[in-house]
Amino acid sequence: MKKMTEENLKAAFAGESQAHMKYLVFADKAEQEGKLNTARLFKAIAYAEQVHATNHLKALGNVKSTSENLDTAIGGETFEVEEMYPAYNAVAELQNEKGAKKSMGWAEEAEKIHITLYGNAKKAMLKGEDVKVGDIYICEFCGYTAEGKAPDKCPLCGAAKDKFKKF
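Residues numbered from 1 in each chain as written. Predicted model: local features only at pLDDT ≥ 70, side-chain atom pairs only at ≥ 80, totals over all residues. Heavy atoms only, no water.

Caption draft 1: Seen up close, the sheet that holds strand S2 (residues 145-147). Within the open sheet, the three strands sit side by side as S2-S1-S3. Their pairing is antiparallel. Each of the sheet's edge strands pairs with one partner strand only, and the pair in question is S2 and strand S3 (164-166). The sheet shows a mean angle of 25° between the axes of neighbouring strands, direction not considered. Note that strand S1 (residues 136-139) and S2 share three bridges and pair antiparallel. The partner of Ile 138 across the bridge, within S2, is Thr 145. (Pairing = 2+ DSSP bridges. Helix = DSSP H or I, 4+ residues; strand = E, 2+ residues; numbered from the N terminus. Axes fitted to C-alpha atoms, helices over the stretch in contact; angles between N-to-C directions.)

As structure tokens, then:
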């Protein structure tokens, strides 16, 4: 693939991915305000943006075997924990941006758990198996991730057990 086309696809993937997430957040806000049709519109178009992002990622050749995809996921999560969030948190600390520091700190801690979960999946994959994993619970406020059962209280943000989404 020619370099400019590759860079354009990467930029388009990033833009479509951000639009997907932004529209889902907008849908939640519209629901909270009782604007259910507007929420549905945001959700529908968010899905279209996800389709676009998926197509761009495939065109880039970045959707591979599950084993390779796990390696990519582990690498991305590790980068976030070891490099990205520590650097971003340091800047937020220097600039006394408490909200940003809290948001990024929560994300960094959750990413550490993700590395472990993906690592377990990779170990199972290397044995030719699918990972054995219980229910997964995600805190809707900070992203803390728990396997098996939701904690009574989120260890990162203190949210109650009923604020965890089950997967």
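Caption draft 2: Here's a closer look at the state of the cysteines. In total, this model carries zero disulfides according to the counting rule given. Between Cys 139, a free cysteine, and Cys 157, which holds the nearest cysteine sulfur, the sulfur-to-sulfur gap is 3.6 Å. In this structure Cys 139 comes out as buried when scored by relative accessible area, which is 2%. Not part of a disulfide, Cys 142 finds its nearest cysteine sulfur in Cys 154, a span of 3.4 Å. For Cys 142, a relative accessible area of 9% corresponds to the buried category. (Disulfide = S-S within 2.5 Å. Buried < 20%, exposed > 50% of the residue type's maximum accessible area, 1.4 Å probe, protein only.)

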